[in-house]
Amino acid sequence: MTRTLALALALCALARPAAAQAPDARALWATHCQTCHGLKGKAPMRYAVQGVPDLNAADWQSMRTDKQIRALIADGSKGTQMEAFKAKLKSAEIDALVKLIRGFAAKK
Ligand code: HEC
């Protein structure tokens, strides 16, 4: 029992530095974004009707540069429920989310 616990703690200690280096975009998405944007970037109906774009859509993807997506996540969209996340997320975490969103386009 105690040995298992010690092993588990040792594994946690090993895992931590790696997690700090590469933000887990999937986990961030699930925590901060999924409610309004769906598991894979397609907003649930109640948000889609409020004008949340389908982030999978090729036309939306081609309309936005990474820089624009980044700025949108950091600063939000005034007058909508899309809040500014720069106080909640680190710069590297926002970058990871931009990559994740770009990945939505590829996976249908
Ligand atoms: C409370 C609901 C809500 C949450 C949570 C939310 N969003 Fe949004 N998001 C919106 C709405 C509403 C819009 C549409 C904004 C507009 O019309 O300008 C939007 C738009 C966007 C867009 C597209 C903007 C455009 O028009 O090009 C991106 C990208 C985006 N959100 C990313 C994220 C990310 C990443 C997160 C999590 C860190 C997140 N959102 C969390 C509601 C939300």
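Data block above holds the structure.
Throughout what follows, the structure given in this document is the object of discussion. (Residues numbered from 1 in each chain as written. Predicted model: local features only at pLDDT ≥ 70, side-chain atom pairs only at ≥ 80, totals over all residues.)

Scanning the chain for helices and strands turns up 7 helices and 0 strands. Secondary structure elements in the chain, listed N-terminal to C-terminal, are α-α-α-α-α-α-α. Partitioning the contacts of the chain with sequence separation of at least 6, the portion at a separation of at least 24 is 53%. (Helix = DSSP H or I, 4+ residues; strand = E, 2+ residues; numbered from the N terminus. Contact = placed C-beta atoms within 7 Å.)

The full set close to the ligand counts 21 residues, and His32, Cys33, Cys36, Ser77 and Met82 are the nearest of them. When residues of the shell around the ligand are traced back to their parent elements, those giving at least two are helix H3 (34–37), helix H6 (66–75) and helix H7 (91–106). Residues of the shell around the ligand, tallied by class, amount to 12 nonpolar, 8 polar and 1 charged. (Near = placed C-beta within 6 Å. Nonpolar A, V, L, I, M, F, W, Y, C, P; charged D, E, K, R; others polar.)

Bringing the packing of H6 against H7 into the picture now. Two numbers describe how H6 lies on H7: the axes approach to 10 Å, and their chain directions differ by 125°. As the angle between them shows, H6 and H7 are arranged oblique. By crossing handedness, the relation of H6 to H7 is classed as right-handed. Where H6 abuts H7, its residues Asp66, Ile69, Arg70, Ile73 and Ala74 lie against Ile94, Leu97, Val98 and Ile101. Considering only residue class, the contact of H6 with H7 consists of 7 nonpolar, no polar and 2 charged. (Axes fitted to C-alpha atoms, helices over the stretch in contact; angles between N-to-C directions. Parallel < 35°, antiparallel > 145°, perpendicular 65-115°, else oblique. Left-handed = near helix turned anticlockwise from the far one by under 90°.)

We now examine H7. In an α-helix, one turn spans 3.6 residues, which is why side chains three or four residues apart end up on the same side. The end-to-end C-alpha distance of H7, which contains 16 residues, comes to 24 Å, matching closely the 22 Å that a straight helix rising 1.5 Å per residue would cover. Of all the positions in H7, only Ile94, Ala96, Leu97, Ile101 and Phe104 are classed as buried. Buried residues of H7, seen end-on, are gathered within an arc of 155° and therefore sit on one face of the element. Facing away from the buried side of H7 by more than 90 degrees, the exposed set consists of Ser91, Ala92, Lys99 and Ala106. In this structure, the buried side of H7 is in contact with helix H2 (25–32) and H6. (Expected span 1.5 Å × (residues − 1). Buried ≥ 20, exposed ≤ 12 C-beta atoms within 10 Å, placed from the backbone. Arc of directions from axis to C-beta.)

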